[in-house]
Amino acid sequence: MKAVLVSIIVAISSSLPAPADAGGLFDGITLIELDDHDGEQAITGRPRSALDLGHYIVTFVSARGSYAALVGYSGTERGCAAWAAEGSYDGRSITFGIPPSTAADRSGSPRICRPFTLTMQDDGDVDVVVPAHAGTFGTYRRTRKIAARVPLVPLDWGSPIFGRHSVNDVALGPIPAIEEAIAGRARLRIGSRDARGPTYFEAIFEREVPDPKDRIHVYGDISPSTVTGWPWDVLFALHNREGLEVASPRAAFMDAVVDRYGLPSFETRASDRRIGGERVLVWAYDLAGRKIGREDAAPGNCLGTIQHWISRSGLSSVGRDVDLWGCALVVVLSPAGGKFVGGYRVEAVSGYAMALDHFFRRLEELQGRKERLDELLAAKPRF
């Protein structure tokens, strides 16, 4: 097991996709607060939508390509999406989008953004400039705050935080390490869900007395190496619900949890997070593997965008441009019961690994849009 983990740690540093421009200020993920209907209209090129589609501008810049989108507060609905104009990125400033055309509007969904330029200021704010488009809108220029800024960094799967929060020896990280850790103890089921989403993972543990009712199931999501570019498929999310053979007094249960996982970063209530139980415990670790609390919330970690994921029924999701990208690991544990705890649910997600899976898929989506647009522009009429 140690040999496998050592090789993984060595490989991860060399296999992480490099930034698009060494030292570029937009390398990685940047989430910019827009929340401006004038800006939404200028960037999408259409009147204000009944939906909230312009709360944020999100960008992803890497050596494999670039992506930007205008997104609503939920991070799911997009007003438009675009790639960077060739040669526009100088490390501080970058331009996304293309001029309006019938071909662009017919190339698919979501709409392709009109050209807009983002420039990083010395104080960390961003200037957003949208030139006038065919006289429909005047030039738009505003300075906006950054809500999240996540760089492209190596992720150390050998960090003790992943092993500490394993479930039946299933820890987030490369699949070969998981297979070795649970060899002979569990049956693995791994299968593809959808080309647009992660691969399905299930580890089935049998208790000493074989009984289908007593099986322990650990479920999760895998990002394949074909998406991330890493040497192996990676489990980036897992969850498990388990009942206790004997109900435990709540105080004793909480003591056992702290002994196992350490003190949580913070606690919340079931009213804040719809996963059952009275008290919900959360452990959060930044990209350097440091445990962080609410007081540490900042654009560089996932607590800066905590309002977007803390109230969801599950941490892992597909299709969101706003999520817990800035944390190496987030763990949520919810005990079930009142004065006596009869079971619990635990969920662990590497927000950063999930971010790479998500945004590299966004790059593939944009490539398809560009190819479709090229076909439309090259189409010749038949006479």
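Residues numbered from 1 in each chain as written. Predicted model: local features only at pLDDT ≥ 70, side-chain atom pairs only at ≥ 80, totals over all residues. Heavy atoms only, no water.

Visitor: What's the story with the pattern of salt bridges in this structure? I'm lost.
Guide: When their charged atoms lie close together, side chains carrying opposite charge are able to pair. Across all of its chains, the model carries 12 salt bridges by this definition. Here E347 and R345 are joined by a salt bridge, their closest N and O atoms 3.2 Å apart. Each of the two residues, E347 as well as R345, counts as buried. A single network of salt bridges, built from pairs that share partners, joins D36, D38, R142 and R144. (Salt bridge = Lys/Arg side-chain N within 4 Å of Asp/Glu carboxyl O. Buried < 20%, exposed > 50% of the residue type's maximum accessible area, 1.4 Å probe, protein only.)

Visitor: Could you clarify how one ought to interpret the packing of aromatic side chains in this entry?
Guide: In this description, a pair of aromatic rings is defined by centroid distance and the angle of the planes. Evaluated as defined, the whole model comprises 11 aromatic pairs. Seen in terms of ring centroids, W230 and W232 are 6.2 Å apart; in terms of plane orientation they differ by 50°. Their pairing is tilted. Of the residues examined, W230 reaches a relative accessible area of 3% and is grouped as buried. Overall, W232 belongs to the buried group, its relative accessible area being 12%. With a centroid separation of 6.0 Å and an interplanar angle of 45°, the aromatic rings of F253 and Y344 are classed as tilted. Of this pair, F253 sits in helix α7 (residues 250–261) while Y344 is found in strand β18 (residues 340–349), placing the two residues 91 residues apart along the sequence. Taken together through their ring pairs, the aromatic side chains of F60, Y67, W325, F359 and F360 make up a single cluster. Directly above the ring of F360 sits R64, whose terminal nitrogen or CZ lies 3.7 Å from the centroid. Sitting above the plane of the F266 ring, R294 keeps its charged end 4.4 Å from the centroid. (Phe/Tyr/Trp six-rings, centres within 6.5 Å; stacked < 30°, edge-to-face > 60°. Helix = DSSP H or I, 4+ residues; strand = E, 2+ residues; numbered from the N terminus. Lys NZ or Arg CZ within 6 Å of the ring centre and 35° of its normal.)

Visitor: Which parts of the structure should I look at to understand the state of the cysteines?
Guide: Disulfide: a covalent bond connecting the sulfur atoms of a pair of cysteines. Under the criterion given, the structure shown has two disulfides. For C80, the disulfide goes to C113, at an S-S distance of 2.1 Å. Because the torsion about its S-S bond is 95°, the bridge between C80 and C113 counts as right-handed. Taken together, the positions of C80 in strand β4 (residues 78–82) and C113 in the loop between α3 (102–106) and β6 (116–120) put the pair 33 residues apart, joining distant regions of the chain. On the basis of relative accessibility, which here comes to 0%, the residue C80 falls in the buried class. Note that C302 is cross-linked by a disulfide to C327, the S-S spacing being 2.1 Å. Of note, the bridge from C302 to C327 carries an S-S torsion of about -80° and is left-handed in sense. With C302 in the loop between β16 (279–286) and β17 (327–337) and C327 in strand β17, this residue pair connects regions lying 25 residues apart in the sequence. Overall, C302 belongs to the buried group, its relative accessible area being 1%. Taking the relative accessible area as the measure of exposure, C327 reaches 0% and is therefore buried. Shown here for the protein is a disulfide pattern of 1-2, 3-4, where each number marks a bonded cysteine counted in sequence order. (Disulfide = S-S within 2.5 Å.)

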